[in-house]
Amino acid sequence: MEKDLLQLLGMSADDITLILDTADKLKAQQKAGVKHDFPSGKTLAMIFAKNSTRTRVSFEAGIFQLGGHGIFLSNADSQLGRGEPIEDTARVLSRYCDCIMIRTFEQEEVEELAKYATIPVINGLTDFEHPCQILADIMTIREHKGKLEGLKVCWIGDGNNVANSLIAGCLTCGMDVSVACPEGYRPDKKILDFASSVKGRRFELTDKPEVAAVGADVIFTDVWASMGQEEETAKRQKAFQGYQINDEIMALANPGCMIQHCLPAHKGEEITEKVFEEHAQEIFDEAENRLHVQKAIMYLLMKK
Ligand code: CP
Ligand code: NVA
């Protein structure tokens, strides 16, 4: 493992497998009431420039369950919100804490933080990637399907941060990936370049959900307007008409096809309430696995 976890693009299959195996182990220990083998008293600083329910609670609960402590820093009430440079924040937090989790806008800000921090940095979502989310999703798929290699995963909707991580992570783990996005809302070019360079796996990019869904073992979606894009909501509602997971789309997928949604969901937009509720078990298993995966990441990055 490298010092930081900033993105899935470029991460090795071995590192992803190590995180998933560690997450499975920590999950089993927690369910059995077995204490984790982890040095106590580690402190995680959590910087949030955007809203969060799952990421905040799962990181804070997770570090506590590992015997440590989480410190929540919002932009609004830390000096970051008053313009203190990220490189100074990195050097200060490195003197107090053992790890930093950051949720912000620009990926470059996270990279800058990691460059100046002497402690590990974890990306808790940027406009470019949401790596912890997709690691939890891959863990959930492996739990439900018993394997990853050879499965076909499908993304329907915005080619956003979650889609970017999905393409990088799922192709690296040996899955085929199909993506349906309207033109103008495609995944990042760096991600598409990676996808077209991967050998031995199928990657398909289309603007037709009914093409992407054929033979899928897992279908993913996410909101049409991400955090920071609120002003584009009306425009996006138009652009994404028809990019919905519904009964017609599910009928094209393989029998037993799973649904994954990072949440929060806008039911009636990117997914019907009916399909969401029929797959609620998988979707809330996915939300739960954020906790176990993030504990695994913290365990691996901080145990040294
Ligand atoms: N999926 C996810 O990251 O949720 P939050 O925005 O609630 O953290
Ligand atoms: N794409 C969404 C994910 C939220 C967890 C966003 O960035 O707002």
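Here is a short report on the structure shown in this document. Keep in mind that this is a model prediction, so the values were computed, not measured.

Turning to the site of ligand 1, a few remarks are in order. What surrounds ligand 1 is the set Ser-52, Thr-53, Arg-54, Thr-55, Arg-103, His-130, Gln-133, Cys-262, Leu-263 and Arg-290. Cys-262 places a polar main-chain atom, nitrogen or oxygen, 2.9 Å from a nitrogen atom of ligand 1. Take Leu-263: an N or O atom from its main chain is 3.0 Å from a nitrogen atom of ligand 1. Notes on ligand 1: free accessible area 260 Å², of which the protein chains cover 95%.

Under the definition given, this model contains seven aromatic pairs. Ring centres of Tyr-185 and Phe-240 lie 4.9 Å apart, and the angle between their planes is 55 degrees; this geometry places the pair in the tilted category. Taken together, the residues span a long stretch of sequence, with Tyr-185 in the loop between β6 (176-180) and α7 (189-197) and Phe-240 in the loop between α9 (233-239) and α10 (247-252) at a distance of 55 residues. In this pair, the class of Tyr-185 matches that of Phe-240, namely buried. A ring pair is formed by Trp-224 and Phe-240, whose centres lie 6.0 Å apart and whose planes are at 15 degrees; its orientation type is stacked. Note that Trp-224 is positioned in the loop between β8 (218-221) and α9 and Phe-240 in the loop between α9 and α10, a separation of 16 residues in sequence. This pair shows no difference in class: Trp-224 is buried, exactly as Phe-240 is.

Taken together, the five strands give an open sheet; going across it, the order is β7-β6-β5-β8-β9, and neighbouring strands pair in parallel fashion. Edge positions in the open sheet fall to β7 (203-206) and β9 (258-261), since each of these has one partner strand only. On average, each strand axis in the sheet is inclined to that of its neighbour by 15 degrees, with strand direction left out of account. Pairing between β8 and β9: four bridges, direction parallel. Bridge pairing links Phe-220 to Gln-260 in β9. Each of β5 (152-156), β8 and β9 touches helix α5 (residues 131-145); the most contacted strand, β9, lies at about 160 degrees to it.

Before going further, it helps to spend a moment on the pattern of salt bridges. Across all of its chains, the model carries 18 salt bridges by this definition. By sharing partners, the salt bridges in this structure join Asp-21, Asp-24 and Arg-142 into a single network.

With that settled, the discussion passes to the sheet that holds strand β2 (residues 69-74). Neighbouring strands of a sheet are bound in pairs by backbone hydrogen bonds; such pairs are parallel or else antiparallel. Taken in spatial order, the four strands of this open sheet run β2-β1-β3-β4, and their pairing is parallel. One side of each edge strand has no neighbouring strand; the edge strands of this open sheet are β2 and β4 (121-123). Each neighbouring strand pair of the sheet contributes to a mean axis angle of 20 degrees, computed without reference to strand direction. Direction of pairing for strand β1 (residues 43-48) relative to β2: parallel, over a ladder of six bridges. If you follow Phe-48 over to β2, its bridge partner there is Ser-74. Docked against the sheet, helix α2 (residues 54-65) engages β1, β2, β3 (99-103) and β4, running at close to 170 degrees with respect to β1. Across the sheet, helix α3 (residues 86-96) touches β1, β2 and β3, and the angle it forms with β1 is around 160 degrees.

Neighbouring residues of ligand 2: Leu-125, Asn-160, Asn-161, Asp-222, Ser-226, Met-227 and Leu-263. At 2.8 Å from an oxygen atom of ligand 2 is found a side-chain nitrogen or oxygen belonging to Asn-161. Here ligand 2, which alone exposes 270 Å², has 94% of that area covered by the protein.

Moving on to the side chain of Asn-164. As for its placement among the helices and strands, Asn-164 is situated in helix α6 (residues 161-172). Among the polar contacts listed, one links the side chain of Asn-164 to the backbone oxygen of Phe-128, at a separation of 2.8 Å. When residues no more than four places from it in sequence are discounted, the contact partners of Asn-164 are Phe-128, Glu-129, Gly-159, Pro-187, Asp-188 and Ile-191.

With that out of the way, let us pick up the packing of helix α1 (residues 13-32) against α5. If you want to describe how two helices pack, look at the angle between their axes and the distance between the axes. In contact at an axis separation of 10 Å, α1 and α5 are set at 70 degrees when each is read in the N-to-C sense. By the angle between their axes, α1 is roughly perpendicular relative to α5. Handedness of the α1/α5 crossing: right-handed. Contact residues: α1 offers Ile-16, Thr-17, Ile-19, Leu-20, Asp-21, Ala-23, Asp-24 and Lys-27, while α5 offers Leu-135, Ile-138, Met-139, Arg-142 and Glu-143.

Moving on to α6. Since the α-helix advances by 3.6 residues per turn, residues separated by three or four positions end up pointing in the same direction. In this model α6 runs 17 Å from its N-terminal to its C-terminal C-alpha over 12 residues, within 8% of the 16 Å that 1.5 Å per residue would give. Most of α6 sits inside the fold, with 12 of its 12 residues counted as buried. Listing the buried residues of α6 in full gives Asn-161, Val-162, Ala-163, Asn-164, Ser-165, Leu-166, Ile-167, Ala-168, Gly-169, Cys-170, Leu-171 and Thr-172. Where α6 starts, the residue carrying a side-chain oxygen 3.0 Å from the main-chain nitrogen of Val-162 turns out to be Asn-160. Trailing α6 by a residue or two, Gly-174 shows a phi angle of about 90 degrees, which is positive.

What counts, and at which threshold
Counting of residues starts from 1 at the beginning of each chain's written sequence and follows it residue by residue. Following the order in which they are written, the chains are lettered starting with A and the ligands numbered starting with 1. Since the coordinates come from a predicted model, pLDDT governs what is reported: local features require at least 70, and pairs of side-chain atoms require 80 or more to be given and counted, while whole-chain, interface and lining totals use all residues. Computation of side-chain values: all heavy atoms of the structure, hydrogens and water removed. Any residue with at least one heavy atom within 4 Å of a molecule or strand is counted as near it. Any N or O atom pair separated by 3.5 Å or less is treated as a polar contact, with the protein-specific requirement of one donor-capable and one acceptor-capable atom, and with residues adjacent in sequence counted only for side-chain atom pairs. Note that accessible areas follow from Shrake-Rupley with a 1.4 Å probe, and for residues the cover is restricted to the protein chains shown. Centres within 6.5 Å are what make two rings of Phe, Tyr or Trp a pair, Trp counting through its six-membered ring; a difference in plane orientation under 30 degrees is then read as stacked, over 60 as edge-to-face, and the rest as tilted. By the criteria applied, helices consist of DSSP H or I runs no shorter than four residues and strands consist of E runs no shorter than two, each listed in order from the N terminus. Per-residue accessibility, obtained with a 1.4 Å probe over protein chains only, is compared with the maximum for each type, and a residue is labelled buried under 20%, exposed over 50%, and partly exposed between these values. We treat two strands as partners when DSSP finds at least two bridges between them. Each axis is a line fitted through C-alpha atoms, taken for helices only over the stretch in contact, and angles between the N-to-C directions span 0 to 180 degrees. Note on contacts: a residue pair is in contact if any heavy atoms of the two residues lie within 4.5 Å. Definition used for salt bridges: Asp or Glu carboxyl oxygen within 4 Å of a side-chain nitrogen of Lys or Arg. The scheme is simple: roughly parallel for angles under 35 degrees, roughly antiparallel for over 145, roughly perpendicular for 65 to 115, oblique for anything else. Should the near helix be turned anticlockwise from the far one by less than a right angle, the crossing is termed left-handed; should it be turned clockwise, right-handed. Any helix carries an expected span of 1.5 Å times its number of residues minus one.

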